[in-house]
Amino acid sequence: MIIDIIGDVHGYADKLTGLLEQLGYVHNGEYYVPPEGHRALFIGDLIDRGTQQLATLETVFAMLDADVADAVMGNHEYNALAFATLDPYNDNANDDNAKRYLRSHNEVHTRQHKEFLAEVPFGSDLHDYWLQRFYEIPLWLETDYGCFVHACWDVDSMAVLKPLLTADNCLTPDALIKTSQKGSVYYEALERVLKGVETALPEGLVMVDKDGAERTQVRVRWWLDELNTRPIHEIARASASGLAQIPVDAMAENIDFAIKTHKPVFVGHYWLTGNPEPLSIQVICTDYSAAVDSGYLTCYQLDTTQPLPLHADNFVQYRHE
């Protein structure tokens, strides 16, 4: 079988349908039917940023419901759940002027989520419906031929999360609350799985990211070797403007991570550019910045009978102008 692993769609339904049709999927009036011997897998971040949120969700979930596709949760689906859920540990939760959600409604978070809420009004029946559907998406999938997760295949973090999840590795409302408590082991594990591995910036340094958020840590390219012996500039996964804020001689420290599987690992999340190619002999990313004009919705076609070695020739991009 061929698994068509599709990168972060971010509400660009036209790009999604264009890619599916380019791959040979045919709409039967209800859902996109894959070519014989194919199955789709969505690597998360279906929502936010684009202007076709509902069309994207309807396309993907029709395929999930027809059992011709699978999906894993992205940080944006997780954030949507947290943005809509009051924090029960907040003493002021009943004060309308001090309501605090698991994901705060600050300016940055609200701006990141505005396209979704423009089509799916906060608190509406439609909003409740899609939040419940998000709970159906597992945090990760593992098969005989590969490992699929939005940001990082970290088996140690998964072991921490597993007791909170359903048998299919899906969140529950209680798991959402526990993984949203900053500083907890559950929060740190969830951050690893859905957002990646980070290292601390030099003391006193704050970096402003592409969304205007201030950060004291930077994501690293966890698929590289010897992370603790390299300068941050060499291993960081950050924009050029973000890297410019970090001293070139700053060293990474205390990164506790190793890939603990021999299977190929497939992720999204990282806003890559350029010609698609494997990140390493074991890791593929299918996020090539479809949410910007210069980016392309990208798929990696995995042959389950021969998952390794990974090949750049297996990438397919939708490049219709």
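Every value quoted in this text rests on a predicted model; they were computed, and no experiment measured them.

Draft legend 1. How the structure looks around helix 1 (residues 13-22). The element helix 1 is extensively covered by neighbouring structure, given that 7 of its 10 residues are classed as buried. Buried within helix 1 are the following residues: Ala13, Lys15, Leu16, Thr17, Gly18, Leu19 and Leu20. Packed against the buried residues of helix 1 are strand 1 (2-6), strand 3 (32-33), strand 4 (38-42), helix 2 (53-65), strand 14 (297-303) and strand 15 (315-318). Immediately downstream of helix 1, the backbone of Gly24 shows phi near 100°, a positive value.

Draft legend 2. Fine view of the sheet that holds strand 1. Spatial strand order, 5-4-1-14-15: 5 strands in an open sheet with mixed pairing. Lying at the two open borders of the sheet, with one neighbouring strand each, are strand 5 (69-71) and strand 15. On average, each strand axis in the sheet is tilted by 25° relative to the strand beside it, whichever way the strands run. Sheet topology places strand 14 next to strand 15; 4 bridges connect them, and they run antiparallel. Within the sheet, the bridge partner assigned to Cys299 lies in strand 15 and is Val316. Sitting on the sheet, helix 2 is in contact with strand 4 and strand 5, with an inclination near 115° to strand 5.

Draft legend 3. Molecular detail of the environment of Val120. Within the fold, Val120 resides in the loop between helix 4 (107-119) and helix 5 (125-134). Residue classification places Val120 among the buried positions, given a relative accessible area of 0%. When the C-alpha positions of Val120 and Asp293 are compared, they lie 24 Å apart, and in sequence the two are 173 residues distant.

Draft legend 4. Structural detail: the packing of helix 4 against helix 5. Two elements in contact, helix 4 and helix 5, have axes separated by 9 Å at closest approach and are oriented at 120°. Viewed along their axes, helix 4 and helix 5 adopt a mutual orientation that is oblique. Taking contact as the criterion, the partners of Phe116, Leu117 and Glu119 in helix 4 are, on helix 5, Leu126, His127, Trp130 and Phe134. Along the lines of polarity and charge, the residues of the contact of helix 4 with helix 5 split into 5 nonpolar, 1 polar and 1 charged.

Draft legend 5. Broad picture of the side chain of Arg133. Take Arg133: it is sitting in helix 5. Residue classification places Arg133 among the buried residues on the basis of a relative accessible area of 10%. Sequence-distant contacts of Arg133, that is, excluding residues within four places in its chain, are made with Phe61 and Asp65.

Draft legend 6. The pattern of salt bridges, seen in detail. Across all of its chains, the model carries 12 salt bridges by this definition. Lys178 is the partner of Asp174 in a salt bridge, and the nearest nitrogen-oxygen pair spans 3.3 Å. Of this pair, Asp174 and Lys178 both sit in helix 7 (residues 173-179), 4 residues apart, which is roughly one turn of the helix. For Lys178, a relative accessible area of 30% puts it in the partly exposed group. A salt bridge links Arg230 to Glu234, with the shortest nitrogen-to-oxygen separation between them at 3.2 Å. What makes Glu234 partly exposed here is its relative accessible area of 36%. Shared partners join several salt bridges into a network, and the residues in it are Arg39, Asp67 and Asp70.

Draft legend 7. Quick peek at the side chain of Asp4. With respect to the helices and strands, Asp4 occurs in strand 1. For Asp4, which is buried and forms no salt bridge, the nearest opposite charge comes from Arg39, at a distance of 10 Å. Those residues in contact with Asp4, other than ones at most four positions away along the chain, are Leu23, Tyr25, His38, Arg39, Ala40, Leu41, Cys299, Tyr300 and Gln301.

Draft legend 8. Representation of unusual backbone geometry. A cis geometry characterises the amide bond from Leu308 onward to Pro309, with omega recorded as 0°. Residue position: Pro309 is located in the loop between strand 14 and strand 15. In the Ramachandran plot, Asp45 falls in the positive-phi region, its phi being about 60° despite a non-glycine side chain. In this structure, Asp45 sits in the loop between strand 4 and helix 2. Here the phi dihedral of Ser289 falls at roughly 60°; this positive angle occurs in a residue that is not glycine. Within the secondary structure, Ser289 sits in the loop between strand 13 (283-285) and strand 14. A residue is classified by how much of its surface remains accessible, and Ser289, at 5% relative accessible area, is buried.

Thresholds, definitions, all that
- Residues numbered from 1 in each chain as written.
- Predicted model: local features only at pLDDT ≥ 70, side-chain atom pairs only at ≥ 80, totals over all residues.
- Heavy atoms only, no water.
- Buried < 20%, exposed > 50% of the residue type's maximum accessible area, 1.4 Å probe, protein only.
- Helix = DSSP H or I, 4+ residues; strand = E, 2+ residues; numbered from the N terminus.
- Contact = heavy atoms within 4.5 Å.
- Pairing = 2+ DSSP bridges.
- Axes fitted to C-alpha atoms, helices over the stretch in contact; angles between N-to-C directions.
- Parallel < 35°, antiparallel > 145°, perpendicular 65-115°, else oblique.
- Nonpolar A, V, L, I, M, F, W, Y, C, P; charged D, E, K, R; others polar.
- Salt bridge = Lys/Arg side-chain N within 4 Å of Asp/Glu carboxyl O.
- Lys, Arg positive; Asp, Glu negative; His and termini not counted.

Spatial relationships are all this shows, so hold off on functional conclusions.
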